[in-house]
Amino acid sequence: MSLDQISTMLAATNWSIAEKEKTIYEQSAIKKISNALMKSYSHQSLEGLTLVDAIQRLGIEYYFEGEIKAILDQQYLKLHVGAEHSAALNETALRFRLLRQEGYCVSADMFVKFKNENGTFRAELSEDIQGLMSLFEASELRVEAEDILAEAYEYSRQVLDVAKWNPHRSLGSVIGHTLKHPHHKSLAKFTAENFLSDFYNRKSMKKELTQLAEKDFNMSRAIYKEELRQILSWWEDLGLFKKMNFARNRPVKWYMWPVAMLPDPSMSDVRTEIIKTVALIYIIDDLFDIFGTLGDLTVFTEAVNRWEFNLVEKLPECMRVCFKALYDITAEIGQHISAKNGFNPTDTIRKMWANLCNSYLVEARWLNSGYMPSTEVYLKNGMVTSGVPIVLAHLYFLLGEDGADCKVDISNDSLSIVNNVAIILRLWNDLGGAKDENEDSNDWSFLDSYLKEHKGSSVDSAREHVQQMISDTWTRLNEDYISPNPFSIPFKKICLNLARIVPLMYIYDDNHNLPMLERHMKTLLSLD
């Protein structure tokens, strides 16, 4: 991110001139960190990997994209000439993770050297806590049939789970945080505070990294708050919640989806557009789940498929208002993308809204008839009703991906990376059990279908099965991420971020609240 970009973003906030000048002045921290990165590049040292890791964990990597790429390119080359065969566990695991999470093709065979003649990890590794934490983090990027990383995950997790309770170890809280929030499945903007507290035990660039992370966080928060102000104003003017008082009305919570998927402060334009899609998904979902009769929902769905106003003329007012909002917002987003990226995807977006409503109608018919589908049928339909395909399609177009050389039919329902994110969201949603405060629906869940198919199974065993399905889906998502495909790395990172925030959106407490999400909302948006 250039100084000009930072200045432009700051100009959009309500900070005082003194605060803005101070922040720009402190860009000296960026120069110092950049110099440290390039010094480590010239020395080809472990310090460079450690510094890249710290930068990414603090969520400030967009300041150093060029330097990070240079270091990782160098490390990738060293790996392929066999120059790192003697590296210790911590260095090996850290190098593997940093390369794989940036899309480099690296083999897990590099961990074979840490096994004994019996094929198990060497006993002395149990004393290398830092190395085991790095191994655990690396194992989270495993793909299907990658047995050595599956073994590494189980081994490191078991040893660390015991080590975190050892009163003689000073890393207890760090170990606990690593196990609970592995970097690959976490959002840096949400976990940076914990890393900062851990980072105080490290020496290299501590002052500069802490200073930059804190200033970046304050800048990002100011930008997010301004965006939220604009979104709340748009939502109030739209007035849907006034005509559809049965539906959820939580735009602040909904805004956390764009923040999680696109944390870079410079992506403000995309965040303020995609929130409109997110809001419509919630509203239309409630229309189908709570308000509409099967007859009215059938007519509404036909109207969306044909994109014709006259079909909704005899429907209740709230359904007419909803259809008009969908019609107008789709047109506005299409025009926005056309002006920005040179192509108008409105036809594809309309098709995907039709797919979503068709799938909502399938669920409505199931409920109306008392039919409970098989787990396979439920999940296939549930991937669409998760809303993931239509959100990612909008983001694909908003990012200008369709203007690239390798175009993708983003409406294709067989796109693996999209489907795997959708499965993760659908299963977490069903696993959450509790509903939003304003939601009063009686949908089937995957758990219901599973228990019907597996007579005699307990709810606890069903939940364990779903948790394992989520874990297995992550391995497939990892493979989607690292395997060659037409999608760009930025788009694939958005897919990962969407999967990462899902648990925060659906882990309810006994009071039907989302304590972890609410804590992050208060921190990121300075909410009372």
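Residues numbered from 1 in each chain as written. Predicted model: local features only at pLDDT ≥ 70, side-chain atom pairs only at ≥ 80, totals over all residues. Heavy atoms only, no water.

K.L.:
Explanation requested: the overall build of the protein in the structure shown.
P.N.:
The helix and strand tally for the protein stands at 24 helices and zero strands. The buried share of the protein, reckoned over its 528 residues, is 55%. Considering only intrachain contacts with a sequence separation of at least 6, the fraction spanning at least 24 residues in the protein is 72%. (Helix = DSSP H or I, 4+ residues; strand = E, 2+ residues; numbered from the N terminus. Buried < 20%, exposed > 50% of the residue type's maximum accessible area, 1.4 Å probe, protein only. Contact = heavy atoms within 4.5 Å.)

K.L.:
Hey, could you run me through the pattern of salt bridges in this one?
P.N.:
Side chains bearing opposite charge may pair, as long as their charged atoms lie close to each other. Overall, the coordinates contain 25 salt bridges when judged by the stated rule. R306 is the partner of E302 in a salt bridge, and the nearest nitrogen-oxygen pair spans 2.8 Å. Of this pair, E302 and R306 are both found in helix α15 (residues 294-306), four residues apart, which corresponds to roughly one turn of the helix. On the accessibility criterion, R306 (44% relative accessible area) is partly exposed. If you follow the salt bridges from partner to partner, you end up with D53, R57, R97 and E137 in one network. (Salt bridge = Lys/Arg side-chain N within 4 Å of Asp/Glu carboxyl O.)

K.L.:
Just checking my understanding: could you explain helix α21 (residues 446-453) for this structure?
P.N.:
Residues lying three or four places apart along an α-helix face the same way, a consequence of the helix completing one turn every 3.6 residues. For α21, every residue scored as buried is listed here: F446, L447, S449 and Y450. Axial view of α21: buried residues confined to an arc of 165°, hence all on one face. Where α21 is buried, its residues meet α18 (375-385), α20 (416-432) and α22 (459-482). (Arc of directions from axis to C-beta.)

K.L.:
Please explain the nonpolar core as it appears in this structure.
P.N.:
A general tendency of soluble globular proteins is for nonpolar side chains to be buried together. The biggest cluster of nonpolar side chains holds 113 residues, and the ones touching the most others in it are W257, F300 and W353. What F300 contacts, discounting residues up to four positions off in sequence, is L287, F288, L315, M319, C322, F323 and C357. Counting residues in hydrophobic clusters, the runner-up holds 58 residues, among them A36, A93, Y155 and L212. (Core = buried A, V, L, I, M, F, W, Y, C linked by side-chain atoms within 4.5 Å.)

K.L.:
So what exactly am I meant to see when it comes to the packing of aromatic side chains here?
P.N.:
The relative placement of two aromatic rings is captured by the distance of their centres and the angle of their planes. Applying the stated criterion across every chain, the model contains 27 aromatic pairs. Feature note: the residues F288, F300, W307, F309, F323, Y327 and Y360 constitute an aromatic cluster, connected by ring pairs. Over the face of the ring belonging to Y153 we find R142, whose NZ or CZ atom lies 4.4 Å from the ring centre. Lying across the ring of Y481, K492 places its NZ or CZ 5.7 Å from the centre. (Phe/Tyr/Trp six-rings, centres within 6.5 Å; stacked < 30°, edge-to-face > 60°. Lys NZ or Arg CZ within 6 Å of the ring centre and 35° of its normal.)

K.L.:
I would appreciate a short explanation of α15 in the present structure.
P.N.:
The terminal C-alpha atoms of α15, which comprises 13 residues, lie 18 Å apart, in line with the 18 Å expected from a rise of 1.5 Å per residue. Here α15 has its buried residues at L297, F300, T301, A303 and V304. Mapping the buried residues of α15 onto a view down its axis gives an arc of 155°, with all of them on the same face. In this structure, the buried residues of α15 make contact with α14 (268-291), α16 (317-341) and α17 (346-369). Within two residues after α15, W307 carries a phi angle of roughly 55°, on the positive side. (Expected span 1.5 Å × (residues − 1).)

K.L.:
Help me understand the environment of D289 in this model?
P.N.:
The residue D289 is located in helix α14 in this model. A C-alpha to C-alpha distance of 9.5 Å links D289 and A247, two positions 42 residues apart in sequence.

K.L.:
Even after reading the chapter, I still don't get the packing of α17 against helix α19 (residues 388-398), so can you show me in this structure?
P.N.:
Each pair of packed helices can be described by the angle between their axes along with the distance between the axes. Put simply, α17 and α19 touch, their axes get as near as 10 Å, and they point 170° apart. Classified by the angle their axes make, α17 and α19 are roughly antiparallel. Residues T348, I349, M352, W353 and L356 of α17 pack against P389, I390, A393, H394 and F397 of α19. Partitioning the contact of α17 with α19 into residue classes produces eight nonpolar, two polar and no charged. (Axes fitted to C-alpha atoms, helices over the stretch in contact; angles between N-to-C directions. Parallel < 35°, antiparallel > 145°, perpendicular 65-115°, else oblique. Nonpolar A, V, L, I, M, F, W, Y, C, P; charged D, E, K, R; others polar.)

K.L.:
Whenever I open this one, the side chain of E140 confuses me. Can you help?
P.N.:
Relative to the elements of secondary structure, E140 occurs in the loop between α7 (129-139) and α8 (147-163). Within the local environment of E140, its side chain forms a polar contact with the side chain of K185, the two groups lying 3.1 Å apart. The contact partners of E140, leaving out residues within four places of it in the chain, are Y153, P182, H184, K185 and N478. (Polar contact = N/O pair within 3.5 Å; in protein donor to acceptor, adjacent residues only side chain to side chain.)

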